[in-house]
Amino acid sequence: GEEVAQTPKHLVRGEGQKAKLYCAPIKGHSYVFWYQQVLKNEFKFLISFQNENVFDETGMPKERFSAKCLPNSPCSLEIQATKLEDSAVYFCASSQVRSGNTEAFFGQGTRLTVV
Amino acid sequence: AQKVTQAQTEISVVEKEDVTLDCVYETRDTTYYLFWYKQPPSGELVFLIRRNSFDEQNEISGRYSWNFQKSTSSFNFTITASQVVDSAVYFCALTDGSSNTGKLIFGQGTTLQVKP
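Since the structure is predicted, the reported quantities are computational estimates derived from the model, not experimental observations. (Residues numbered from 1 in each chain as written. Chains lettered and ligands numbered in written order. Predicted model: local features only at pLDDT ≥ 70, side-chain atom pairs only at ≥ 80, totals over all residues. Heavy atoms only, no water.)

Caption draft 1: Seen up close, the packing of aromatic side chains. Applying the stated criterion across every chain, the model contains 22 aromatic pairs over all chains. Between tyrosine 37 of chain B and phenylalanine 47 of chain B, the aromatic rings sit 5.9 Å apart at their centres with planes inclined by 70°, giving edge-to-face as the arrangement. Highlighted residues: tyrosine 37 of chain B in strand S5 (residues 32–39) and phenylalanine 47 of chain B in strand S6 (residues 46–52), separated in sequence by ten residues. With 5.2 Å between their ring centres and 90° between their planes, tyrosine 64 of chain B and phenylalanine 77 of chain B make a pair best called edge-to-face. A residue pair is termed long-range when its members are at least 10 positions apart, and tyrosine 64 of chain B in strand S8 (residues 64–69) and phenylalanine 77 of chain B in strand S9 (residues 74–79) qualify at 13 residues. Assigned by exposure class, tyrosine 64 of chain B and phenylalanine 77 of chain B land together as buried. Ring pairing ties together the aromatic residues Tyr35, Phe43, Phe45, Phe91 and Phe106 of chain A together with Phe35, Tyr37, Phe47, Phe91 and Phe106 of chain B, which thus form one cluster. (Phe/Tyr/Trp six-rings, centres within 6.5 Å; stacked < 30°, edge-to-face > 60°. Helix = DSSP H or I, 4+ residues; strand = E, 2+ residues; numbered from the N terminus. Buried < 20%, exposed > 50% of the residue type's maximum accessible area, 1.4 Å probe, protein only.)

Structure, rendered in structure tokens:
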């Protein structure tokens, strides 16, 4: 596709429930990045992939968060046993190359609300 | 450590005024990239510009212009003759060039409100 597609747009989960977010990168883009936007403005890098391989997971909380990018499937970000503090907008971005020599294109985001 | 600071949390202007959004960055890399993104009320992130550390030429695109100054580690963004549709949150971001991870370090964002 010509745009990064994130689903669902909104997700509401009770505390302790699982949440799974999906991202289809732009066709031909090898790199996928996940960011968490909390408090409306603050962005936090979570994880990046080069094709199906994890490239950088330094931002991922060690517990409860996991992510995958499998061939011929949308990438996914899963949160086990959600907490109130996980409420945020989760953005996925894709790019052709890893360096800043090209821009990353962002999806519309998934707003996760944990109640 | 890399850091991006947007000291202006909120700016309010009246339509047709010029407005400058400040961005100051910190990095030890000699090769790096700077970006500006716009986040309108609808929530998506819209790419505006990319600049690499070796290109200090200022850039103009319509009513938008960018002033990159390595000497002061700043990459400021000016909107000329602002319009109501410019109302949004604007983010400055930095990515490294040497470790080449590609991840973006965002500033805190500046909320711009343009009143009619």
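Caption draft 2: A look at the state of the cysteines. Counted by the stated rule, this structure contains three disulfides over all chains. The disulfide bridge from cysteine 69 of chain A ends at cysteine 75 of chain A, spanning 2.0 Å between sulfur atoms. The sign of the 110° torsion about the S-S bond sets the cysteine 69 of chain A-cysteine 75 of chain A disulfide as right-handed. We note that cysteine 69 of chain A, like cysteine 75 of chain A, is buried. Across a sulfur-sulfur distance of 2.0 Å, cysteine 23 of chain B and cysteine 92 of chain B are joined as a disulfide pair. Here the S-S torsion is close to -65°, and the disulfide linking cysteine 23 of chain B with cysteine 92 of chain B is therefore left-handed. You can see cysteine 23 of chain B sitting in the loop between strand S3 (19–21) and strand S4 (24–26) and its partner cysteine 92 of chain B sitting in strand S10 (residues 88–96), a full 69 residues away along the chain. Taking the relative accessible area as the measure of exposure, cysteine 23 of chain B reaches 0% and is therefore buried. (Disulfide = S-S within 2.5 Å.)

Caption draft 3: Structural view of the sheet that holds strand S3 (residues 19–24) of chain A. All names here are of chain A. Overall, antiparallel pairing links the four strands, which are arranged S1-S3-S8-S7 in an open sheet. Each of the sheet's edge strands pairs with one partner strand only, and the pair in question is strand S1 (5–7) and strand S7 (65–68). Neighbouring strand axes in the sheet, compared pairwise and without regard to direction, differ in orientation by 15° on average. For S3 and strand S8 (residues 75–79), the ladder comprises five bridges, and the chain directions are antiparallel. Within S8, the residue paired with leucine 21 across the bridge is leucine 77. (Pairing = 2+ DSSP bridges. Axes fitted to C-alpha atoms, helices over the stretch in contact; angles between N-to-C directions.)

Caption draft 4: Molecular detail of unusual backbone geometry. All names here are of chain A. The omega torsion of the bond from threonine 7 to proline 8 falls at -15°, within 30 degrees of zero and hence cis. Inspection of the secondary structure puts proline 8 in the loop between S1 and strand S2 (10–13). The phi torsion at alanine 81 lies on the positive side, around 50°, for a residue other than glycine. Turning to its location among the elements, alanine 81 is positioned in the loop between S8 and strand S9 (88–95).

Caption draft 5: Geometry of the pattern of salt bridges. All names here are of chain A. Per the stated rule, a full pass over the model turns up eight salt bridges over all chains. Between arginine 64 and aspartate 86 there is a salt bridge, with its nearest N and O atoms 2.6 Å apart. With arginine 64 in the loop between strand S6 (53–56) and S7 and aspartate 86 in the loop between S8 and S9, this pair connects stretches of sequence that are 22 residues apart. Three or more residues are tied together by salt bridges with common partners; here these are Lys18, Lys20 and Glu78. (Salt bridge = Lys/Arg side-chain N within 4 Å of Asp/Glu carboxyl O.)

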